[in-house]
Amino acid sequence: MGTPSPAALRCATAALLAALALSGCSASAPFAPQNSPTPAPSPSSPAQICTSLVSYWAKETLEGTLWSGLDWEQKGLSNEQYAIHEDAVAAGRAEERTAGRDKALELIDRFVARRCAEQDGATGSSENWRPPT
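First things first, this report covers the structure right here in the doc. (Residues numbered from 1 in each chain as written. Predicted model: local features only at pLDDT ≥ 70, side-chain atom pairs only at ≥ 80, totals over all residues. Heavy atoms only, no water.)

**Looking at the state of the cysteines**
Here a disulfide denotes a covalent bond joining the sulfur atom of one cysteine to the sulfur atom of another. Here is the rule: In this description, a disulfide is simply a cysteine sulfur pair whose atoms lie within 2.5 Å. Helix numbers and strand numbers start at the N terminus; a helix is a DSSP run of H or I with at least 4 residues, a strand a run of E with at least 2. Burial classes follow relative accessibility: with a 1.4 Å probe on protein chains only, a residue under 20% of its type's maximum area counts as buried, one over 50% as exposed, and anything between as partly exposed.
Scanning the model with the defined rule gives 1 disulfide in all. Two residues, Cys50 and Cys116, share a disulfide whose sulfurs are 2.0 Å apart. On the sign convention where negative is left-handed, the bridge of Cys50 and Cys116, at about -60° about the S-S bond, is left-handed. With Cys50 in helix α2 (residues 46-63) and Cys116 in helix α4 (residues 101-118), this pair connects stretches of sequence that are 66 residues apart. Summarising the burial analysis for this pair, Cys50 and Cys116 share the class buried.

Pasting the structure below:
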């Protein structure tokens, strides 16, 4: 048997590299223990989603940010959530005049959380809203 041709050597080298790549390449690589999967977070309730969404937009409106001028549909609010938003902004503005911006933002969080809980997320009046599947 003679010396293998350069083409045969290239073919054998390519096959060896492919086998190493498919097998994990290195015997010196540390063993990766199997971690137990992290459980998915539980879905938020309609009241929690309402609180998060309405509080965010009410604070943006109070602060007069660039996106605060979007309409209720662009903000993703139902009609009922928009009513809570408007009431929260009015309460926040009154609080801001007497106690300052920080207290107004705190008031908005409390106000919106209470109203969203009372109305179980306030989603029923929006014809575009669909329950999560």
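**Digging into the packing of aromatic side chains**
Think of a pair of aromatic rings as described by two things: how far the centres are apart, and how the planes are tilted against each other in angle. Test applied: Aromatic rings from Phe, Tyr and Trp, with only the six-membered ring used for Trp, were paired whenever their centres fell within 6.5 Å, and each pair was classed as stacked if the ring planes differed by under 30 degrees, edge-to-face if by over 60, and tilted otherwise. Consider the ring centre and the ring normal. A charge sits over the ring if Lys NZ or Arg CZ is within 6 Å of that centre and within 35 degrees of that normal.
Inspection of the entire model under this criterion finds 1 aromatic pair. A cation sits over an aromatic face here: Arg114 above Phe111, 5.3 Å from the ring centre.

**Examining the nonpolar core**
Generally speaking, soluble globular proteins have nonpolar side chains that are buried together. We count it as follows: We define a nonpolar core as any set of buried Ala, Val, Leu, Ile, Met, Phe, Trp, Tyr and Cys residues linked to one another through side-chain atoms lying within 4.5 Å. Residues count as neighbours in contact if any of their non-hydrogen atoms are within 4.5 Å of one another.
Counting 16 residues, the largest nonpolar core has Cys50, Val54, Ile84, Val112 and Cys116 as its most contacted members. The set of elements that each furnish at least two residues to this core consists of α2, α3 (79-99) and α4. Those residues in contact with Val54, other than ones at most four positions away along the chain, are Leu77, Gln81, Ile84, His85, Val112 and Cys116.

**Concerning the environment of Lys59**
Mapped onto the elements, Lys59 comes out in helix α2. A C-alpha to C-alpha distance of 8.9 Å links Lys59 and Ala88, two positions 29 residues apart in sequence. Filtering out sequence-adjacent residues up to four positions away, Lys59 remains in contact with Leu105, Ile108 and Asp109.

**What to know about the pattern of salt bridges**
Worth spelling out the cut-off: The term salt bridge refers to a pairing of a side-chain nitrogen on Lys or Arg with a carboxyl oxygen on Asp or Glu at a separation within 4 Å.
Evaluated as defined, the whole model comprises 5 salt bridges. Of the charged contacts in the structure, one is a salt bridge between Arg115 and Asp87, with a shortest N-O distance of 2.9 Å. One end of the pair, Arg115, is in helix α4; the other, Asp87, is in helix α3, with 28 residues separating them in the sequence. Since its relative accessible area comes to 17%, Arg115 is described here as buried. For the salt bridge of Lys103 with Glu106, the shortest nitrogen-to-oxygen distance reads 3.8 Å. Here Glu106 and Lys103 lie together in helix α4, a separation of 3 residues that amounts to about one turn. According to the relative accessible area criterion, Lys103 is partly exposed, its value standing at 43%.

**Structural notes on α3**
Here is the rule: Every helix has an expected span of 1.5 Å times one less than the residues it contains. Read the arc as the range of directions from the helix axis to the C-beta atoms.
A rise of 1.5 Å per residue sets the reference length of α3, with its 21 residues, at 30 Å; its end C-alpha atoms lie 30 Å apart and thus fit the reference within 8%. Taken residue by residue, α3 has Gln81, Ile84, His85, Ala88, Val89 and Gly92 as its buried positions. Buried residues of α3 fall within an arc of 140° about the axis and therefore sit on the same side. Those residues of α3 that are exposed and aimed more than 90 degrees away from the buried face are Arg97 and Thr98. Along its buried surface, α3 packs onto α2 and α4. Directly beyond the C-terminal end of α3, a positive phi value near 100° is found at Gly100.

**Here we look at the packing of α2 against α3**
This is how it is decided: Axis lines are fitted to C-alpha atoms, over the contacting stretch for helices. Their N-to-C directions set the angle, which ranges from 0 to 180 degrees. Any angle between 65 and 115 degrees counts as roughly perpendicular, while under 35 counts as roughly parallel, over 145 as roughly antiparallel, and the rest as oblique. Crossing handedness follows the turn of the near helix against the far one: under a right angle anticlockwise gives a left-handed crossing, and clockwise gives a right-handed one. Three residue categories are used. Nonpolar comprises Ala, Val, Leu, Ile, Met, Phe, Trp, Tyr, Cys and Pro, charged comprises Asp, Glu, Lys and Arg, and polar comprises the others, including Gly.
Viewed as axis vectors pointing N to C, α2 and α3 meet at an angle of 45°, and their least axial separation amounts to 9 Å. It follows from the interaxial angle that α2 and α3 lie oblique. The chirality of how α2 crosses α3 is right-handed. When α2 is examined against α3, the residues Cys50, Leu53, Val54, Trp57, Ala58, Thr61 and Leu62 are found in contact with a partner set consisting of Gln81, Ile84, His85, Ala88, Val89, Gly92, Arg93 and Glu96. Of the residues assigned to the contact of α2 with α3, the class counts are 9 nonpolar, 4 polar and 2 charged.

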